[in-house]
Each structure stands twice: as structure tokens, then as C-alpha cells.
Amino acid sequence: MDANELLKKIRKIEIKTRGLSQNIFAGEYHSAFKGRGMIFSEVREYQPGDDIRDIDWNVTARHNKPYVKVYEEERELTVMLLIDVSGSRNFGARGDLKKERMAEIAATLAFSSIQNNDKVGVIFFSDKIEKFIPPKKGKKHILLIIREIISFEPESTGTNIDVALQFMTNAIKKRCSAFLISDFIDDHDYFKSMSIANRKHDLASIQVYDKRDAEMPNVGLIRIKDLETGQDRWIDTSSSYVRKAYAKDWYDQQQKLTSITTRSGVDLASVTTDEDYVKALLGLFRRRGAK
């Protein structure tokens, strides 16, 4: 991809995702991710119904009448995007490529976060950590992240979610809000690392998949390539046995994902490559805001 094409893609994604983050997601994002806690704001005179534990005794003594401390939410957050850059992200039969949909979702989350003055960082992972961008604030930083999301080429093609979660847990010391964006085609067991990551941080998972991941069409003898291993093989899709085995493999992957996220207490949103992701993200934000 040359520089001009890259700049056009960045601008296109910026325009679309900035609008979404400002006009649709702003309130939902704020309510879903409430910040690290409460910080002192001011004192005011005691009013009936105030918690007596909030009385500021020093100010009360000086003015000879009760005053209470007023707190406000500490809004500043650190947001981490864990983005799967394995070979399977290059697949897309029914809509966009998975990596294109992942890029838009990640950019929308990034722009939503800077609307709230949050820091944003990124971990690109395959079956290893490919790149770590430490969290910072500002539009310039966000555009750098988007450029990397669009143009980054990993060294490896495999997938290991466990590695990514362990890296985040060790690298990010203070509690953060994290989004794990992947198609979750991964044979490794990542339950333990997801549970630990969600206890230390505030983790949500976003699955991006193509409908052809779940169902193989009956189109006769075809040659397919495994995008993660690079292996080619011929498959007779007219065989009902082959199609059922393919569908069962997908079903088993989904059962694994649902089980791990449920037991870990991690919210999950699933998005296809040929459908609008806005509804899925809004649903994710609202579920979290209701907790």
C-alpha cells in the first residue's frame, strides 16, 4: 500500500468513526466505562440526607456549622485495544475482510475514548506479541494507531490469545478498560489468562467473523488455503459429511468462546463482516452500563 492510498484509508475511517463516536457512542461509552473512582471536588454546607461520613470536621469547626465533602467521578481512563493480526483476519467472503471490520471497530473505540479524554494503547498479537503501542492521549496518537491498524504486517500468522492477555496483565500496571478484538479462531486454552486479566482490568471481547466461517457452501470440489498455516488442500464441498464436519468445528469453537467468556465474567459482542457493527457495540456498552 503506497502512502497516498494509506492516507485515503485513514481519512475515510477517521470521518466515519469520528462521527459514530461523537453522535452515537459518546453517552453510552461514558456510562459503560465509569472511571477509576471518586475524587474530592469541593465542600458545601450539610443538607438533610447527606451521609454524615462525608462531613469535613475541620471546615465544620472553622465555620461552626456542618460542611460535607463533595466528590466527583474521576473520568480519566486507560483504554487498551488488543487486536488480532493473525492470518485468518485476511478472510472475507460475505462482506468486508475481517481486518477491515476490526480496523473500523478499533478506530471507533479509539475516537470514543479521546472524546472522554482517555488514554489509548494497542497490543497487536498473532501467536506472539507483534507490537505494543503504550497508551497516550490526543488526536495525533489516535491517527498513529489507526495508521498502524491499517498497514501493520505481522511476522507470524498464527493465533494465541493467551499470550496477548498475559502480556497486557504484566505490562499495564494500573487498572484499565480493555477490548479484545479477534475472530477467536484459536486452539489454545485462554480461560486462566482471561480470568486473571478481567480481575485486574475491565475486559470486553469483540468477535469479528465471516458467515463462511460457520457454513461451507455446496460448490463442488474446491482448493482452500489455511491462512494461518499456509497449507493448501482440496475439499469436496458437495459432501454433506464434509459440510457437517465444517459446521461442527465452528460450533465447537463458539461453544468454547461462550464458555470461557461466561466463566471469566467477560462481556462478549459478535459482529459479522457483512452487517453493521453499530448495534452490536451499542448493545455491549449498554450491558456494561447496566451493571
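The coordinates are above.
In this text the structure is predicted, and so the values were computed from the model without any measurement.

What counts, and at which threshold
- Residues numbered from 1 in each chain as written.
- Predicted model: local features only at pLDDT ≥ 70, side-chain atom pairs only at ≥ 80, totals over all residues.
- Heavy atoms only, no water.
- Axes fitted to C-alpha atoms, helices over the stretch in contact; angles between N-to-C directions.
- Helix = DSSP H or I, 4+ residues; strand = E, 2+ residues; numbered from the N terminus.
- Parallel < 35°, antiparallel > 145°, perpendicular 65-115°, else oblique.
- Contact = heavy atoms within 4.5 Å.
- Nonpolar A, V, L, I, M, F, W, Y, C, P; charged D, E, K, R; others polar.
- Buried < 20%, exposed > 50% of the residue type's maximum accessible area, 1.4 Å probe, protein only.
- Expected span 1.5 Å × (residues − 1).
- Lys, Arg positive; Asp, Glu negative; His and termini not counted.
- Salt bridge = Lys/Arg side-chain N within 4 Å of Asp/Glu carboxyl O.
- Pairing = 2+ DSSP bridges.
- Phe/Tyr/Trp six-rings, centres within 6.5 Å; stacked < 30°, edge-to-face > 60°.
- Core = buried A, V, L, I, M, F, W, Y, C linked by side-chain atoms within 4.5 Å.
- Left-handed = near helix turned anticlockwise from the far one by under 90°.
- Arc of directions from axis to C-beta.
- Polar contact = N/O pair within 3.5 Å; in protein donor to acceptor, adjacent residues only side chain to side chain.

Engineer: For this particular structure, what's the right way to read the packing of helix α4 (residues 98–115) against helix α5 (residues 139–151)?
Structural biologist: The axes of two packed helices give the description: the angle between them and the distance between them. Close contact between α4 and α5 brings their axes to 10 Å; oriented N to C, the two are set at 170°. Comparing the axis directions of α4 and α5 gives the class roughly antiparallel. Together, Ala103, Ala106, Ala107, Ala110, Phe111 and Ile114 of α4 and Lys139, Ile142, Leu143, Ile146 and Ile149 of α5 make up the contact between the two elements. In the contact of α4 with α5, the residues fall into ten nonpolar, no polar and one charged.

Engineer: Looking at this structure, how should I read unusual backbone geometry?
Structural biologist: In most cases, non-glycine residues show a negative phi, while peptide bonds are predominantly trans. Although it is not a glycine, Asn64 sits at a positive phi angle of roughly 60°. The residue Asn64 is located in the loop between α3 (57–63) and β2 (67–74) in this model. Asn64 sits in the exposed class, given a relative accessible area of 73%. Backbone geometry at Phe184 places phi at a positive 60°, although glycine is not the residue there. Inspection of the secondary structure puts Phe184 in the loop between β6 (177–182) and α7 (191–200).

Engineer: Looking at this structure, how should I read α5?
Structural biologist: Residues separated by three or four positions in an α-helix point in the same direction, a consequence of the helix having 3.6 residues per turn. In this model α5 runs 18 Å from its N-terminal to its C-terminal C-alpha over 13 residues, within 8% of the 18 Å that 1.5 Å per residue would give. Listed as buried for α5 are His141, Ile142, Ile145, Ile146, Glu148, Ile149 and Ile150.

Engineer: Could you clarify how one ought to interpret the side chain of Arg89 in this entry?
Structural biologist: With respect to the helices and strands, the residue Arg89 is situated in the loop between β3 (78–84) and α4. Nearest to the buried, unbridged Arg89 among oppositely charged side chains is Glu153, at 4.7 Å. Beyond its immediate sequence surroundings of up to four residues, Arg89 is in contact with Asp84, Leu97, Lys98, Lys99, Met102, Ile149, Phe152, Pro154 and Asp183.

Engineer: What am I meant to see in the sheet that holds strand β10 (residues 267–272) here?
Structural biologist: By definition, the strands of a sheet pair up through backbone hydrogen bonds, in either a parallel or an antiparallel sense. The six strands lie next to each other as β5-β4-β3-β6-β7-β10, forming an open sheet whose pairing is mixed. Because the sheet does not close on itself, it has two edges, and the strands there are β5 (129–136) and β10. This sheet shows a mean twist of 15° between the axes of neighbouring strands, independent of strand direction. Looking at chain direction, strand β4 (residues 119–125) and β5 are connected through five bridges and run antiparallel.

Engineer: Mind showing me how you'd approach the packing of aromatic side chains here?
Structural biologist: When we look at a pair of aromatic rings, we describe it by the centre distance and by the angle of the planes. Scanning all chains against the criterion turns up four aromatic pairs. Centre to centre, the rings of Phe124 and Phe152 are 5.0 Å apart; their planes meet at 15°, and the pair counts as stacked. Pair noted here: Phe124 is in strand β4 and Phe152 is in the loop between α5 and α6 (161–171), with a separation of 28 residues, a long-range link. Each member of the pair Phe124 and Phe152 is classed as buried.

Engineer: How should I be thinking about the nonpolar core in this particular structure?
Structural biologist: Within soluble globular proteins, side chains that are nonpolar generally end up buried alongside one another. Of all hydrophobic cores here, the largest spans 33 residues; its most connected members are Leu81, Ile105, Phe179, Ile181 and Ile206. Mapped onto this core, the elements with two or more residues apiece are β3, α4, β4, α5, β6, β7 (202–209), β10 and α10 (278–289). With eight residues, α4 is the largest single contributor of residues to this core. Look past the residues within four positions of Leu81 in its chain and what remains in contact with it is Ala106, Leu109, Ala110, Val120, Gly121, Val122, Ile123 and Phe179. Counting 20 residues, the second largest nonpolar core, distinct from the first, contains Ile172, Cys176, Phe184 and Ala197.

Engineer: How do you make sense of the packing of α6 against α7 when you look at a structure like this?
Structural biologist: Running from N to C, α6 and α7 point in directions that differ by 30°, and their axes come no closer than 9 Å. Taken together, the axes of α6 and α7 lie roughly parallel to each other. The two elements α6 and α7 meet at a crossing, and its hand is left-handed. Counted together, Asp162, Leu165, Gln166, Met168 and Thr169 of α6 and Ser193, Met194, Ile196, Ala197 and Lys200 of α7 form the full contact between these two elements. Classifying every residue of the contact of α6 with α7 by side-chain character gives five nonpolar, three polar and two charged.

Engineer: What exactly am I supposed to notice about the environment of Lys139 here?
Structural biologist: Structurally, Lys139 is set in helix α5. The sequence separation of Lys139 and Ile114 amounts to 25 residues, and the corresponding C-alpha distance is 7.4 Å.

Engineer: Where do I start with α6 in this structure?
Structural biologist: All buried positions along α6 are accounted for by Ile161, Asp162, Ala164, Leu165, Met168 and Thr169. One side of α6 carries all its buried residues, which in axial view fall inside an arc of 165°. Residues of α6 that are buried sit in contact with β3, β4, β5, β6, α7 and β7. At the N-terminal boundary of α6, the capping side chain belongs to Asn160, with an oxygen 3.1 Å from the backbone nitrogen of Asp162.

Engineer: Would you mind showing me how to read the pattern of salt bridges here?
Structural biologist: Should the charged atoms of two oppositely charged side chains come close, the side chains can pair. For the coordinates displayed, the defined rule picks out twelve salt bridges. In this structure, Asp51 and Arg53 form a salt bridge, with 2.7 Å as the shortest nitrogen-oxygen distance. For Asp51, a relative accessible area of 30% corresponds to the partly exposed category. A salt bridge links Arg101 to Asp96; its shortest N-O distance comes to 2.9 Å. If you follow the salt bridges from partner to partner, you end up with Lys98, Asp183 and Asp213 in one network.

No statement about biological role is implied by the geometric values presented.
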